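The residues making up each chain are set out below.
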Amino acid sequence: MEKDAPRFAIFRGEAAPSLEESGVMDSVPPSEAVLAGMMQVIDAGMDNGHFTRVLFSQGGMSLAYAWFKSGFPLPRHSHNSDCLYYIVGGSLRLGTEELKTGDGFFIGKDVPYTYTPGENGVEVLEFRTAERFDIKTLAANPAFWAKAAETAKAKRDIWPEENSSPSGLIRTEG
């Protein structure tokens, strides 16, 4: 059961934990095909292509920040809560639509989706209707994972050099 909404709260981006450290996202156990694919892209260097932080998680809602670097192969997935995305910097392709800074999109609970970060990557704010949520990776096609692993290998040395987010909000060490 989620706690009552706070009456007032301040959060600091620089003190925000990573999505993994925060514990707010549970991973639905993947199929064997998805697990094999995930291992393939992790071994290829996919972990260097993203940066996430949970900025706020209270009162039945959460706010996360995600920066996906150029060409990051985000697998098709869903979450068990509604989510409103706002693009802070960069661009992405969602289906046939090109979205850029200032644009956004809504994804309902359990709706499968993916997007492709643009040439300079993309930064998004993710507003969710839950303090905790899950991720269910649905990309079971071995061809997707093979291509994602190729991308991660090709970007393995490039992603660490992309050390300033498109908006300039985040700088990492290369």
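To be clear, the structure that these remarks concern was listed above.
Because the structure is a prediction, the values reported are computed rather than measured.

The rules behind the values
Residues numbered from 1 in each chain as written. Predicted model: local features only at pLDDT ≥ 70, side-chain atom pairs only at ≥ 80, totals over all residues. Heavy atoms only, no water. Pairing = 2+ DSSP bridges. Helix = DSSP H or I, 4+ residues; strand = E, 2+ residues; numbered from the N terminus. Salt bridge = Lys/Arg side-chain N within 4 Å of Asp/Glu carboxyl O. Buried < 20%, exposed > 50% of the residue type's maximum accessible area, 1.4 Å probe, protein only. 1 Å grid on protein atoms, 1.4 Å probe; cavity = no way out; pocket = protein on both sides within 12 Å on 5 of 7 lines; lining within 4 Å. Points joined across faces, edges and corners; volume = space filled by probe spheres on them. Nonpolar A, V, L, I, M, F, W, Y, C, P; charged D, E, K, R; others polar. Contact = heavy atoms within 4.5 Å.

Asker: What is the right way to read the sheet that holds strand β1 (residues 25-27) from this model?
Answerer: An order of β1-β9-β4 is seen for the three strands of this open sheet, with the pairing classed as mixed. Strands with a single pairing partner mark the edges of an open sheet, and in this sheet they are β1 and β4 (77-78). Summarising the sheet, β1 and strand β9 (residues 133-137) pair through three bridges and their orientation is parallel. Paired with S27 across the bridge in β9 is I135.

Asker: Help me out: how do you make sense of the pattern of salt bridges in this one?
Answerer: Charged atoms that come close allow side chains of opposite charge to pair. Taken as a whole and assessed by the stated rule, the structure comprises three salt bridges. Residue D26 pairs with R132 through a salt bridge whose shortest N-O separation is 2.7 Å. With a gap of 106 residues between them, D26 in strand β1 and R132 in the loop between β8 (116-128) and β9 connect regions that are remote in the sequence. Judged by relative accessible area, D26 falls into the partly exposed class, the value being 38%. Judged by its relative accessible area of 44%, R132 falls in the partly exposed class.

Asker: Hey, could you run me through the layout of surface pockets in this one?
Answerer: Over the atoms a probe the size of a water molecule is rolled, and this reveals where empty space is left. A volume near 690 Å³ is recorded for the largest pocket. In terms of lining residues, the largest pocket is bounded by 30 residues, among which L19, E20, M25, H50 and I135 are the most central. Elements supplying a minimum of two residues to the lining of the largest pocket: α1 (19-22), β1, α2 (32-44), β2 (50-58), β3 (61-68), β8 and β9. Examining the composition of the lining of the largest pocket, we find that four residues originate from one element, β3, more than from any other. Of the residues in the lining of the largest pocket, the class split is 19 nonpolar, six polar and five charged.

Asker: Explain the environment of V54 to me, please; I cannot follow it from the model alone.
Answerer: Locating V54 in the fold gives a position in strand β2. In this structure V54 comes out as buried when scored by relative accessible area, which is 7%. V54 sits 88 residues away from P142 along the chain, and the two C-alpha atoms are 31 Å apart. Other than its neighbours up to four places away in sequence, V54 contacts A16, P17, S18, L19, S22, V24, L63 and A64.

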